[in-house]
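Notes for the structure review
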Amino acid sequence: MGYTPEMKELIKRVEATRAERIERTRRGEYFPAMTLEEREEVLRKFHPDYKPEGRREVRVGPNKGEVYPEEFVDVLEAYPRIPPERVDFSVLPTHTTDVLVIGGGGGGTAAALLASDNGCRVILATKLRHGDANTVMAEGGIQGADQEVDSPYFHFLDTIGGGHFTNRPDLVAALTRDAPLVISWLESLGMMFDKLPDGRMRVRHGGGTSRKRMHSAGDMTGSEIMRVLRDEARNRPDRIEVMEFSAAVEILKDAQGRACGALLYNMETEEYFVVRSKAVVLATGGFGRLHIQGFATTNHYGATADGLVMGYRAGVPLDFMHSTQYHPTGAAYPEQNVGLLITEKVRGLGANLLNVHGEQFVFEREPRDVESAAIIRECVERGNGIVTPVGRYGVWLDSPMIEELEGPGTIERELPAKFVQFMRYGIDIRKEPMLVYPTLHYQNGGLKITPDAETAVPGLFAAGEVTGGVHGENRLMGNSLLDITVFGRRAGRNAAEYAKGLAEEPGEPTLDHVREFVRELEEAGVDPSRISPMLLPDYTTPDVKMRQLTAHYHGTIR
Amino acid sequence: MSAQATKKIEVIASGDRPILPEGARTVPVYIMGKKYLLPETLTIQKAIEYAGYQFIRACGCRGGICGACPTVWRIQGDFQLHFGLACQTVIQENMILAQIPFFPANKAVYDLEALEATGEVVAALYPEIMKCVGCNTCTRACPMDIDVMEYINAAMRGDVARAARVSFDCIQCGLCSARCPAQIAHYHVAQLCRRLYGKYILPRAAHLEKRVEEIQAGKYDGVLEDLARMDHEELRKRYVEREIEPLDSTGWEPEDKTYL
Ligand SMILES: Cc1cc2nc3c(=O)[nH]c(=O)nc-3n(C[C@H](O)[C@H](O)[C@H](O)COP(=O)(O)OP(=O)(O)OC[C@H]3O[C@@H](n4cnc5c(N)ncnc54)[C@H](O)[C@@H]3O)c2cc1C
Ligand code: SF4
Ligand code: SF4
Ligand code: FES
């Protein structure tokens, strides 16, 4: 295992320039940072968001006329999994509750807890297991201005500046105001934050922060949040019923246009069923598994944009869906690690990015979007990428420099997870560089919400990565775990208040909005074989598919 | 530049579907006893997909942190049993594997607010930990290399803090509990210990409590409302002018304290 002989040959070129690069770094000499004009140019020409190819106009629904990535438009402009006329509510099994939460990641679980705190019965329906979500994957941390030298004022400025001043300001105000409340809530639920001996939170800087406010729990911050919230939800079996492997496929509305539940699909028995509720919270997360423009992704298996599709069909407009975050350094080799996040810390500790000739081509601390575009340019335009045996592009991330610059043992101490992940495949990142390429990381946009986590549809709330506007066109590290807890809590509380405030029970559920959407699709001449929500990505090889003579696919599912 | 631009490489791999190098070697792998010939460099997870399965269970993060994909295997002809995560383990020749995507484990229901961080509390909720026979099978099964027996023993001794710290990397995959002759649900015990530790043993953050009070008293409401209404030019100006806390900030204070 390890690198192929051809790749080992190429690594010699990296080694040839290493000593000199280390010397330069020691002298504080870096590859020149780009000017604002250069940044704009490389973004315009090479950032996937700016390329006209691979994007097209959406022809139906509230955002008709806007231009989004093809792969996303393919699921947005698609027919329902089950035609509305085939859904007979009188025969489908029906569960009833006060608040239905869709999505069992951090956002959904926070919403379920707050709805139950506020006196409502909750059903939490989720597609995979409770906690199989992007939330568990977050390593870095969660922001919150709780130190004396910091305040929500600075957190607000950092966030909106990082988002190129495009963020919805009222959402940023809510995010930064609630941040300390959320951190305190997590502390009271028994989360093991990294602390100093006197209990003070150990905080760090993140990209684009003016004050240190990144809280962490080892390099498993998201996992720790998820474990704690899930355990708390399981402590309330009388108030929160969790339905795993139950994917929502459609929002239900009553005759007055209020959300009143969802149509769900048992992933295992392939049966449809109904949950009727007074309010609905959508927290289905992101869309990494659509592999926009063929990019690998850091996201979990279920990140297939389902909530965006359901919300859109129900009439909720999208915000910022033109913008996607690519993390500049995703693993490109070995194949087993492809797409895995390699944290910014590696560059922070001094590792250079190098092309096939072992030469530097970009400053290592450009903003995420600029750095990604520069790597793509080096490979695609300049032909200076390394091509892996399976035909992926990559550039070198020269981790061995770290051991020389920061002293032996630094990698094992500071990057334990990465060290093990590569060692498993015979690559010792203390001695050999890593091969990296930008990877699809975060969906900046999503369903449009108010600071109270309401959508345009009465009774339908949304929170977390499925929403857009909080981060504008670029998200700061540590603001997403915050986003899901702040707005998850707001969604849960407000959904409960809404449910309790309803004068009478919602009316009979209908799928009239889906019928209307189908009519629009037909008018626009959309290919009838396109089906969504996707639910699961399809990684079956073309060979196998060709031989599956009797199997038929409904969308990507067999 | 333009000459180079034409030197584009035809890159074929995309997304997460493995595309194999020309002439990739395949090895026999037995998925639940049935033989498949699969490309040797793939992880168990991708190899199973390559064989033609579509996962519903046993697949979550695909990155070694969610615990959805615990897998057990033997190599044909060898008595030894091995444990690992399908998304993190490369297939081997003559591997006979099965996945355990779910294993029933008893979780105690409790109200954290009403508990104390003591061994008695843990033993009352999970009396079965006292039946540990010290066989260390749990530790040998753990794909995260956690000293599982040690955290169970710490819990038995009433050392909640140690149980919490030793178990910190647990991804709740359940392999330990699948193997334990004493029928302990290790990862639920560990979860209880960590929450007790986080809530009652780690000292509270006093600065956080103070900030929460300030926020609840509305201290920042006005400032945030102003910011939310501010035009871009003014925002940009303030963004550029903000003082940056240095990396080594011991004793550092900003000059402008207006908005603290
Ligand atoms: C590798 C990685 C590292 C990250 N690091 C950080 C970090 O350091 N700091 C930070 O702040 N952020 C980080 N992020 C981002 C952050 O983790 C996520 O944006 C955030 O956790 C999303 O939470 P969520 O609850 O909105 O969605 P998720 O956690 O993804 O949860 C969505 C849930 O909805 C379920 N679902 C999907 N479709 C359906 C359906 N049709 N029906 C029912 N259920 C459905 C899914 O199965 C899942 O359980 C990182 C993300 C990744 C991938
Ligand atoms: S497997 Fe069970 S009995 Fe054996 S050491 Fe572990 S906890 Fe004790
Ligand atoms: S302690 Fe048990 S549940 Fe936790 S990771 Fe190890 S084997 Fe899995
Ligand atoms: S799929 Fe999450 S640990 Fe393997």
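1. Re the overall build of chain A
Counting its regular elements, chain A contains 16 helices and 23 strands. Each principal axis of the C-alpha atoms in chain A carries an extent, and together these give about 75 × 65 × 40 Å. A burial count over chain A gives 69% of its 558 residues as buried. For chain A, long-range pairs separated by at least 24 residues make up 72% of all intrachain contacts whose partners lie at least 6 apart in sequence. When the accessible surface of chain A is summed, it comes to about 17800 Å², and 51% of that surface belongs to carbon and sulfur atoms. Looking at charge distribution, chain A has the averaged site of its 65 positive side-chain charges lying 2 Å from that of its 81 negative ones.

2. Quick word on the overall build of chain B
Broken down by element type, chain B carries eleven helices and five strands. By the compact-globule yardstick of 18 Å for 260 residues, chain B is too spread out, its C-alpha radius of gyration being 27 Å. Considering only C-alpha atoms, chain B reaches an extent of 75 × 75 × 35 Å along its principal axes. For chain B, the proportion of its 260 residues judged to be buried stands at 50%. Contacts in chain B between residues far apart in sequence, at least 24 positions, make up 57% of those at least 6 positions apart.

3. Thoughts on the site of ligand 2
Near ligand 2, the surroundings consist of 13 residues, among which B:Cys132, B:Cys135, B:Asn136, B:Cys138 and B:Cys180 are the closest. For the shell around ligand 2, the per-class residue count stands at nine nonpolar, four polar and no charged.

4. Considering the pattern of salt bridges
Under the criterion given, the structure shown has 65 salt bridges over all chains. One salt bridge in this structure joins A:Lys278 and A:Asp98, with 3.4 Å as the shortest N-O distance. Taken together, the positions of A:Lys278 in the loop between strand S12 (272-276) and strand S13 (279-282) and A:Asp98 in the loop between strand S4 (94-96) and strand S5 (99-102) put the pair 180 residues apart, joining distant regions of the chain. The residue A:Asp158 makes a salt bridge to B:Arg242 at a minimum N-O spacing of 2.5 Å.

5. Details of the pairing of strand S2 (residues 34-39) of chain B
Residues and elements named next belong to chain B. By the bridge criterion, six bridges tie strand S1 (residues 26-31) to S2 in an arrangement that is antiparallel. Residue pairing in the sheet places Tyr 30 in a bridge with Lys 35 of S2. Linking two consecutive strands that pair antiparallel, namely S1 and S2, is a turn of two residues; a positive phi of about 50° is found at Met 32 within it.

6. Details of the environment of A:Leu189
Residues and elements named next belong to chain A. If you trace the backbone, Leu 189 turns up in the loop between helix H6 (169-188) and strand S8 (214-215). Residue Leu 189 is classed as buried on the basis of its relative accessible area, which comes to 9%. Spatially, the C-alpha atom of Leu 189 lies 29 Å from that of Val 275, the residues being 86 residues apart in sequence.

7. A few points about the packing of aromatic side chains
Counted under the stated rule, the structure contains 15 aromatic pairs over all chains. Note on A:Tyr153 and B:Tyr259: the rings are 3.7 Å apart at their centroids and 5° apart in plane angle, and the pair reads as stacked. One end of the pair, A:Tyr153, is in helix H5 (residues 152-162); the other, B:Tyr259, is in the segment after helix H11 (232-241), on a second chain. The exposure class assigned to A:Tyr153 is buried, which follows from its relative accessible area of 5%.

8. What about the site of ligand 3?
In the region of ligand 3, the neighbouring residues are B:Cys142, B:Pro143, B:Met144, B:Val148, B:Tyr151, B:Cys170, B:Ile171, B:Gln172, B:Cys173, B:Gly174, B:Cys176 and B:Tyr187. Grouping the constituent residues of the shell around ligand 3 by class yields ten nonpolar, two polar and no charged.

9. With respect to the environment of B:Val189
Residues and elements named next belong to chain B. Looking at the secondary structure, you find Val 189 in helix H8 (residues 186-201). With 66 residues separating them in the primary sequence, Val 189 and Ala 123 have C-alpha atoms 9.3 Å apart. Residue contacts for Val 189: discarding those within four places in its chain leaves Val 122, Tyr 126, Ile 129, Ile 152, Ala 155 and Ile 184.

10. Let's talk about unusual backbone geometry
Residues A:Tyr333 and A:Pro334 are joined by a peptide bond in cis, for which omega reads -10°. Structurally, A:Pro334 can be placed in the loop between strand S15 (324-331) and helix H9 (345-348). Cis geometry is found at the peptide bond from A:Ser532 to A:Pro533, where omega equals 0°. Tracing the backbone shows A:Pro533 in the loop between strand S23 (531-532) and helix H16 (542-547). In this structure, A:Leu535 is a non-glycine residue whose phi angle is positive, near 70°. By the element assignment, A:Leu535 lies in the loop between S23 and H16. Residue classification places A:Leu535 among the buried residues on the basis of a relative accessible area of 0%. Phi at B:Met32 takes a positive value of approximately 50°, unusual for a residue other than glycine. Here B:Met32 is to be found in the loop between S1 and S2.

11. Let's talk about H11(B)
Taken together, the buried positions of H11(B) are occupied by B:Leu235, B:Arg238 and B:Tyr239. Axial view of H11(B): buried residues confined to an arc of 105°, hence all on one face. Turned more than 90 degrees away from the buried face of H11(B) sit B:Glu233, B:Val240 and B:Glu241, all of them exposed. Against the buried residues of H11(B) lie H5 of chain A together with helix H10 (221-229) of chain B. A side-chain oxygen of the first residue of H11(B) lies 3.2 Å from the backbone nitrogen of B:Glu233; this N-cap is B:Asp231.

12. Some points on empty space enclosed by the protein
Under the counting rule described, the total for this entry stands at six cavities of 30 Å³ or more. What lines the largest cavity is a set of 17 residues, among which A:Gln336, A:Val338, B:Asp16, B:Lys46 and B:Arg62 lie closest to the centre. Its residues assigned to classes, the lining of the largest cavity comprises five nonpolar, eight polar and four charged.

13. So, the side chain of A:Asp538
Residue and element names in this part refer to chain A. Here Asp 538 is to be found in the loop between S23 and H16. A polar atom in the side chain of Asp 538 sits 3.0 Å from the side chain of Thr 540. At a separation of 2.2 Å, a polar atom in the side chain of Asp 538 contacts the side chain of Lys 545.

14. Here we look at the interface of chain B and chain A
Listed as interface residues are 99 residues of chain B and, on the opposing side, 102 residues of chain A. Between chain B and chain A, roughly 8800 Å² of surface is buried when both sides are summed, and carbon and sulfur atoms account for 58% of that area. Linking chain B with chain A are 41 residue pairs in polar contact (both at pLDDT 80 or more), by the criterion used here. Where the side of chain B that touches chain A is concerned, the elements lending two or more residues are helix H1 (2-5), helix H2 (44-51), helix H6 (160-166), H8, helix H9 (206-216), H10 and H11 of chain B. By residue class, the composition of the side of chain B that touches chain A is 53 nonpolar, 21 polar and 25 charged.

15. Examining the packing of H5(A) against H6(A)
Residues and elements named next belong to chain A. H6 packs onto H5 with a crossing angle of 135° between their chain directions and a minimal axis gap of 9 Å. With respect to each other, H5 and H6 are oriented oblique. Judged by the twist between their axes, the crossing of H5 over H6 is right-handed. Residues Pro 152, His 155, Phe 156, Thr 159 and Ile 160 of H5 form the contact with H6, whose own contacting residues are Pro 169, Val 172, Ala 173, Leu 175, Thr 176, Arg 177 and Ala 179. For the contact of H5 with H6, a count of residues per class yields eight nonpolar, three polar and one charged.

16. Some words on the domain arrangement of chain A
All names here are of chain A. As far as domains go, chain A holds domain 1 (5-50 + 327-441) and domain 2 (92-140 + 159-192 + 219-323 + 444-501). Computed from C-alpha atoms alone, the centre-to-centre distance between domain 1 and domain 2 is 34 Å. In this complex, domain 1 contributes 18 residues to the contact, which on the side of domain 2 involves 18 residues. Roughly 1400 Å² of surface becomes buried between domain 1 and domain 2 when both sides are summed, with 51% attributable to carbon and sulfur atoms. If you sort the residues of domain 1 by the area they bury against domain 2, Arg 368, Leu 440 and His 441 come out on top, with a joint share of 39%. The interface formed by domain 1 and domain 2 contains one salt bridge. Between Lys 418 and Glu 139 there is a salt bridge, and its shortest N-O distance comes to 3.5 Å.

Reading guide: rules and limits
Sequence order sets the numbering: in each chain, residues are counted from 1 along the sequence as written. Lettering for chains starts from A, numbering for ligands starts from 1, and both go in the order in which the items are written. Local features are withheld for residues below a pLDDT of 70 in this predicted model, meaning they are given only at 70 or higher, and side-chain atom pairs are given and counted only at 80 or more; totals for whole chains, interfaces and linings count all residues. The side-chain quantities take in all heavy atoms of the structure and omit both hydrogens and water. Secondary structure elements are defined from DSSP: runs of H or I of at least 4 residues count as helices, runs of E of at least 2 residues count as strands, and each element is numbered from the N terminus. The buried label goes to any residue with under 20% of its type's maximum accessible area, the exposed label to any with over 50%, and the partly exposed label to all in between, with areas taken from a 1.4 Å probe on protein chains only. Here a residue-residue contact requires only that any non-hydrogen atoms of the pair lie within 4.5 Å. Using the Shrake-Rupley algorithm and a 1.4 Å probe, accessible areas are obtained, with residue cover drawn only from the displayed protein chains. We count Lys and Arg on the positive side and Asp and Glu on the negative side, and we leave His and both chain ends out. Charged groups are reduced to one reference atom each: NZ for lysine, CZ for arginine, CG for aspartic acid, CD for glutamic acid. Our radius of gyration looks at C-alpha atoms and nothing else; its globule reference is 2.2 Å times the residue count to the power 0.38. If even one non-hydrogen atom of a residue comes within 4 Å of a molecule or strand, that residue is called near it. Here the term charged refers only to Asp, Glu, Lys and Arg, the term nonpolar to Ala, Val, Leu, Ile, Met, Phe, Trp, Tyr, Cys and Pro, and the term polar to all other amino acids, Gly among them. Salt-bridge detection follows one rule: a side-chain nitrogen of Lys or Arg within 4 Å of a carboxyl oxygen of Asp or Glu. Whether two strands pair depends on DSSP finding at least two bridges between them. Here a Phe, Tyr or Trp ring, Trp counted by its six-membered ring, pairs with any other such ring whose centre lies within 6.5 Å, and the pair is stacked when the planes are under 30 degrees apart, edge-to-face when over 60, and tilted otherwise. To obtain the arc, one takes the directions from the helix axis to the C-beta atoms. Any pair of nitrogen or oxygen atoms within 3.5 Å is treated as a polar contact; in protein, a donor-acceptor pairing is required on top of that, and neighbouring residues in sequence qualify only through side-chain atoms on both sides. The way it works is a 1 Å grid over only the protein atoms, where trapped points that fit a 1.4 Å probe form a cavity and open points with protein on both sides within 12 Å along at least five of seven lines form a pocket, and then any residue with an atom within 4 Å of a point lines it. Grid points are joined across faces, edges and corners, and a volume is the space filled by probe spheres set on the points. Simply put, the buried area is the total loss of 1.4 Å probe accessible area from both parts when two parts are fitted together. For helices, the fitted axis covers only the stretch in contact; all axes are lines through C-alpha atoms, and the angles between them, taken along N-to-C directions, range from 0 to 180 degrees. Orientation is classified from the angle alone, with under 35 degrees giving roughly parallel, over 145 giving roughly antiparallel, 65 to 115 giving roughly perpendicular, and any other angle giving oblique. Here a crossing is taken to be left-handed if its near helix is turned anticlockwise relative to the far helix by less than a right angle, and right-handed if that turn runs clockwise. All domain edges in this entry derive from an automatic or database-based domain assignment.

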